[in-house]
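Residue strings, one per chain:
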Amino acid sequence: MLFNPRIRFVALAALVSTIALRTPLAAAADAIKPSCSDPRDYGELVHCFLEQFRCLPDYFGVDGKPDYAKALKCFEAHKSWRFVALAYVNGEGAPRDLKKAAAALKAWQQQGLNAAFNEQEAATLKKAISRCGRRRQSCARVDFCRKLALSTRDMEICGAVEQVAEEAAMSRAIAETRSKLSRADRPGLDRAVADFKAYQLDDMQRQYQGFIDASLRDIAGAAQAAFVREDFLKLVANTVRARNLAPATASSYDRLRARLSRELAGNLSDRTEAWREALRDPRAKEWWARDRAYVEEYRKAARESQLQWIKLRDSCARLASSLYRGRAREFDPALSMKAAITRLRIAEIRYDPLGPP
């Protein structure tokens, strides 16, 4: 999945050059343009990415259950032969038909590079056809994302499918939590969620810019969006729903703030070091304008992300003041919430989306 919501969309590929999304999602040659001029949040942005691709939303069941029959007709109409082969191997949208699967695979090979023909994917499908032909009991389903998605674009597509589901799950979790709050507290949660969604997009863009010269930059952005979503859901579950906000003191919060400042400075230095080094190398003079732009764009993205995080921190603090108003004599709820969310921010700054799990 893929961004920049103001240009902003980093989910799984850079769309900026092909559709009017304010994000970096890359559109494929066979993509179609969705009506996504102003996506409201990351979930919509990921939908916009998937809507570029004919047939895939029906195949993956992006907005519900898969409609394999509709997807197969679409694949055949647009000569998406690898998906036609996959559908007939799996018996998705039509009864399993190994002859039609083999014919589709041959047609895909004849299309060659124009259809992104991939020998390894073709070999996987051929093996499945052969195994299934010998023994019907061996006709295990070939999962596209687990078995065939080898290119960066395919990984982005599969990531986007997963992110749609995860964003929907977040919405359900937030709605359930909201339903258990008093009328007085609900607007505070709504504000915090809105600020989180803006922060999620900005921090996704920060990571995208941090890996702007890497082929997996969009995946880096998407991974960051998923990471901060998981943090926020844990925060809501623990401090809003379970009311387990840990008390913090002013001194402990000050130490966290100082640590966050160091992490932000270190991150900015580390992420831009290679480009700044290149700017001191006269042999790389032809790339100076590009590298200087990379440095400035990352600084800008990092600054915007931090400013939006501050809004999120403060809206969560106000929510905590309301939720824990009966315990205000025991501890400072607003300060304690700021401490809790600052710990998360430190982890989010330290997170390497392309590093080891």
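Placed above this text is the structure.
Quantities reported herein were computed from a predicted structural model and do not represent experimental measurements. (Residues numbered from 1 in each chain as written. Predicted model: local features only at pLDDT ≥ 70, side-chain atom pairs only at ≥ 80, totals over all residues. Heavy atoms only, no water.)

Undergrad: Before we move on, could you go through the overall build of the protein and cite the residues and values that matter?
TA: Helix and strand counts for the protein come out as 13 helices and two strands. When the accessible surface of the protein is totalled, it reaches about 17,800 Å², and 51% of it is carbon and sulfur. (Helix = DSSP H or I, 4+ residues; strand = E, 2+ residues; numbered from the N terminus. Areas by Shrake-Rupley, 256 points an atom, 1.4 Å probe, with all protein chains shown as cover.)

Undergrad: Would you mind going over the packing of aromatic side chains in detail, with residue names and values included?
TA: Considering all chains together, one arrives at 13 aromatic pairs under this definition. Ring geometry for Y59 against Y68: centres 5.4 Å apart, planes inclined by 65°, an arrangement best described as edge-to-face. Taking the relative accessible area as the measure of exposure, Y68 reaches 26% and is therefore partly exposed. The rings of Y59, F60, Y68, F75, F83 and F144 are connected pair by pair, giving a single aromatic cluster. (Phe/Tyr/Trp six-rings, centres within 6.5 Å; stacked < 30°, edge-to-face > 60°. Buried < 20%, exposed > 50% of the residue type's maximum accessible area, 1.4 Å probe, protein only.)

Undergrad: Requested: an account of the packing of helix 3 (residues 68–77) against helix 4 (residues 81–90), with residues and values cited.
TA: The description of two helices packed together rests on the angle between their axes and the distance between the axes. In contact at an axis separation of 8 Å, helix 3 and helix 4 are set at 145° when each is read in the N-to-C sense. Where helix 3 crosses over helix 4, the two elements pack in a sense that is left-handed. In contact with L72, F75 and E76 of helix 3, helix 4 contributes F83, V84, A87 and Y88. The residue inventory of the contact of helix 3 with helix 4, partitioned by class, reads six nonpolar, no polar and one charged. (Axes fitted to C-alpha atoms, helices over the stretch in contact; angles between N-to-C directions. Left-handed = near helix turned anticlockwise from the far one by under 90°. Contact = heavy atoms within 4.5 Å. Nonpolar A, V, L, I, M, F, W, Y, C, P; charged D, E, K, R; others polar.)

Undergrad: I'd like a description of helix 10 (residues 217–241), backed by residues and values.
TA: With 25 residues, helix 10 should reach 36 Å at 1.5 Å per residue; the first-to-last C-alpha distance of 35 Å fits that figure. Following helix 10 by one or two positions, R243 adopts a phi angle in the positive range, close to 55°. (Expected span 1.5 Å × (residues − 1).)

Undergrad: Break down the environment of I129 for me, with residues and values.
TA: By secondary structure assignment, the location of I129 is in helix 6 (residues 119–134). Overall, I129 belongs to the buried group, its relative accessible area being 14%. In this structure the C-alpha to C-alpha distance between I129 and A102, which are 27 residues apart in sequence, comes to 7.3 Å.

Undergrad: Explain the state of the cysteines to me, using residue names and the numbers behind them.
TA: The final tally for this structure, using the stated rule, is three disulfides. What pairs with C145 in a disulfide is C158, and their sulfur atoms sit 2.1 Å apart. Handedness of the C145-C158 disulfide follows from its S-S torsion of about -95°: it is left-handed. Here the residue C145 occupies a position in helix 7 (residues 144–148), and C158 occupies one in helix 8 (residues 152–179), the gap between them amounting to 13 residues. Relative accessible area serves as the criterion here: at 30%, C145 is assigned to the partly exposed category. (Disulfide = S-S within 2.5 Å.)

Undergrad: Just give me the short version of the nonpolar core, but keep the residues and values in it.
TA: Judged by nonpolar contacts, the single largest core of 47 residues is most densely connected at F75, L86 and F144. Counting residues per element, this core draws most heavily on helix 4, at seven residues. In this view, F75 contacts R54, C55, L56, Y59, S80, F83 and V84; residues no more than four positions away in its chain are not counted. The next biggest cluster of nonpolar side chains, apart from the first, holds 33 residues, and it includes V228, F232, Y253 and F331. (Core = buried A, V, L, I, M, F, W, Y, C linked by side-chain atoms within 4.5 Å.)

Undergrad: Describe in detail empty space enclosed by the protein, supporting the description with residues and values.
TA: Sizing a probe to match a water molecule and rolling it over the atoms shows the empty space that remains. Of the volumes computed, that of the largest cavity is approximately 60 Å³. Contributing to the lining of the largest cavity are F196, Y199, V228, D231, F232, L235, W309, L312, I341, L344, R345 and E348. Mapped by element, the contributors of at least two residues to the lining of the largest cavity are helix 9 (186–210), helix 10, helix 12 (288–323) and helix 13 (333–350). Looking at the lining of the largest cavity residue by residue, the classes come out as nine nonpolar, no polar and three charged. (1 Å grid on protein atoms, 1.4 Å probe; cavity = no way out; pocket = protein on both sides within 12 Å on 5 of 7 lines; lining within 4 Å. Points joined across faces, edges and corners; volume = space filled by probe spheres on them.)

Undergrad: How would you explain the packing of helix 10 against helix 13 if you had to name every residue and give the values?
TA: Contact geometry for helix 10 and helix 13: axes closest at 11 Å, N-to-C directions at 160°. What the angle tells us is that helix 10 and helix 13 run roughly antiparallel. Here helix 10 runs over helix 13; the crossing is right-handed. Counted together, Q224, F227, V228, D231, L235 and T239 of helix 10 and M337, A340, I341, L344, A347 and E348 of helix 13 form the full contact between these two elements. Class assignment of the residues belonging to the contact of helix 10 with helix 13 gives a composition of eight nonpolar, two polar and two charged. (Parallel < 35°, antiparallel > 145°, perpendicular 65-115°, else oblique.)

Undergrad: Give a description of the pattern of salt bridges that names residues and reports values.
TA: Pairing of side chains with opposite charge becomes possible as their charged atoms draw close. In this structure the tally under the stated criterion is 23 salt bridges. We note a salt bridge from R327 to E330, for which the minimum N-O separation is 3.3 Å. Judged by its relative accessible area of 31%, R327 falls in the partly exposed class. Classification of E330 as exposed rests on a relative accessible area of 57%. Members of the salt-bridge network, linked through shared partners, are R82, E121 and D154. (Salt bridge = Lys/Arg side-chain N within 4 Å of Asp/Glu carboxyl O.)

Undergrad: Can you explain the environment of D203? Please cite residues and give values.
TA: Looking at the element boundaries, D203 is found in helix 9. The sequence separation of D203 and G221 amounts to 18 residues, and the corresponding C-alpha distance is 7.9 Å. Those residues in contact with D203 that lie beyond four places of it in its chain are Q224, V228, S305, R345 and E348. Among the polar contacts listed, one links the side chain of D203 to the side chain of R206, at a separation of 2.6 Å. Side chain to side chain, D203 and R345 meet in a polar contact 3.1 Å long. (Polar contact = N/O pair within 3.5 Å; in protein donor to acceptor, adjacent residues only side chain to side chain.)

Read these as spatial facts, not as claims about activity.
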